[in-house]
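Report on the structure
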Amino acid sequence: MEARTGLALLMILMVIGKGEAQLVEGFYGPTCPNLEAIVQQAVATKRSQTFVTIPATLRLFFHDCFVTGCDASVLIASPNGDAEKDAKDNLSLAGDGFDTVVKAKEAVEAQCPGIVSCADILALAARDVVVLAGGPSFAVELGRRDGLVSQASLVAGNLPEPEFDVAQLNAMFAKNNLSQLDMIALSGAHTLGFSHCDRFANRIYSFTPSSPVDPTLNPDYAKQLMEACPQNVDPSIAINMDPVTPQTFDNVYYQNLVAGKGLFTSDEVLFTDSASQSTVVEFANSPADFNAAFVTAMRKLGRVGVKTGRQGEIRRDCSAFNS
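All residue numbers here refer to positions counted from 1 along the written sequence of the relevant chain. Local features in this predicted model are restricted to residues of pLDDT 70 or higher, and side-chain atom pairs are both shown and tallied only at a pLDDT of 80 or more, whereas totals for entire chains, interfaces and linings draw on every residue. Hydrogens are left out, water is left out, and the side-chain values use all remaining heavy atoms of the structure.

**Regarding the environment of D289**
Its place among the elements puts D289 in helix α13 (residues 287–301). As for D289 and V244, which are separated by 45 residues in sequence, their C-alpha atoms are 20 Å apart. By the convention used here, residues are in contact when the closest approach between their heavy atoms is within 4.5 Å. Those residues in contact with D289 that lie beyond four places of it in its chain are E282 and F283. Only DSSP runs of H or I reaching four residues or more are called helices, and only runs of E reaching two or more are called strands; each is numbered from the N terminus.

**With respect to the domain arrangement of the chain**
Each domain span listed reflects an automatic or database assignment of domains. When the domains of the chain are assigned, the result is domain 1 (34–154) and domain 2 (166–301). Relative to domain 2, the C-alpha centre of domain 1 lies at a distance of 23 Å. Facing the 21 residues of domain 1 at the interface are 18 residues of domain 2. Put simply, buried area is the surface a 1.4 Å probe can reach on two separate parts but cannot reach once they are joined, added for both. Surface buried jointly by domain 1 and domain 2 totals about 1,800 Å² across both partners, of which 76% is contributed by carbon and sulfur atoms. Three residues, F51, F66 and F138, lead the burial of domain 1 against domain 2; their summed loss comes to 30% of the area buried on that side.

**Focus on the packing of aromatic side chains**
The aromatic pairing rule takes the rings of Phe, Tyr and Trp, using the six-membered ring of Trp, and pairs them if the centres are within 6.5 Å, calling planes under 30 degrees apart stacked, those over 60 edge-to-face and the rest tilted. Taken as a whole, this structure holds 11 aromatic pairs when the rule is applied. Relative to Y254, the ring of Y253 lies with its centre 4.9 Å away and its plane at 85°, an arrangement referred to as edge-to-face. No difference in accessibility class separates Y253 from Y254, as the two residues are buried. By way of ring pairs, the aromatic residues F249, Y253, Y254, F283, F290 and F294 are connected into one cluster. Buried means the residue's accessible area, taken with a 1.4 Å probe over protein chains only, is under 20% of the maximum for its type, while exposed means over 50%, and partly exposed covers the values in between.

**Points about the state of the cysteines**
By definition, disulfides here are pairs of cysteine sulfur atoms that lie within 2.5 Å. Tallied over the entire structure, the rule returns 4 disulfides. One disulfide bridge connects C118 with C318, the sulfur atoms lying 2.1 Å from each other. Measuring the twist about the S-S bond at about -100°, one finds the C118-C318 disulfide to be left-handed. Remark: C318 occurs in the segment after α13 and C118 occurs in helix α5 (residues 118–132); sequence separation between them is 200 residues. Residue class for C118 comes out buried when judged on its relative accessible area of 0%. Accessibility expressed as a relative area gives 4% for C318, which makes it buried. Taken N- to C-terminal, the disulfide-bonded cysteines of the chain are connected 1-4, 2-3, 5-8, 6-7.

**A few points about the UniProt feature "active site" (unreviewed entry) in the chain**
UniProt positions are given in the numbering used here, feature names are shortened, and annotations may be inferred rather than shown by experiment. In the numbering adopted here, UniProt assigns the feature "active site" (unreviewed entry) to H63. Position of H63 relative to the elements: it lies in helix α3 (residues 53–66). H63 sits in the buried class, given a relative accessible area of 7%. Sequence-distant contacts of H63, that is, excluding residues within four places in its chain, are made with E84, D89, N90, L93 and L159.

Written as structure tokens, this is what we have:
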């Protein structure tokens, strides 16, 4: 009996060491009971000013969690230009995502000073923007602390690239304890937002010497992309990732993949690869199945590499470490 008890205690300590066990729903109930309403209001106000708030905040959460965990390290601003947000893969993160967290943090600090981490505010805001776009609501586990490290050099190789195949995507998500099902569900976030032309130009102009246009692209969609993104186009030009319902969180992303209208190689390959095709078809046919899988994946994503206790801090300013 003692041996079993000791083993159980060891397992609990191992889980706590990962930081996951200390995340709980309602973490701030005793210390900041109105937290979720405060954040929801700040996010809604920001959304009323610009729709970009929604995809920008959701993408910010993903980029934060995949690099050193969900610890708000991507929010740090460095005078030397060497923080996480300064890395090449993060330069396209829209400023409205950062501003959403800043505004929410200011509102929270006004009522609950020094209590709530920027990492938890970002996690809540990511859920709230999904709801504002018509997506599912879900309970967010809280208790993260803000990370103490933010370095541009830590980003390379930790975010999926637009040319990845399913095996590469699976490997990267597996590093973060996320399954292929989670990966496909989280890819559904591409039902919102936009991309700059240079991120997919190779698919319409230089795919291979014998086939300049990626043959998996729907021909009509390829023409639309060429019209929107002519060669040598202004690099600031961006287009919607979902050409059908770009401002609604829905399962149309998967219907687009079935129709050959995935913007990135890493999107379309989810349908063309037999290992993932059946899941894409399921999500294309069932909004409920997609929403359920997305909620599960977002909750799992929110547990990646979290800092608790002395591993982090509660930042006063989300863009700067406490002095």
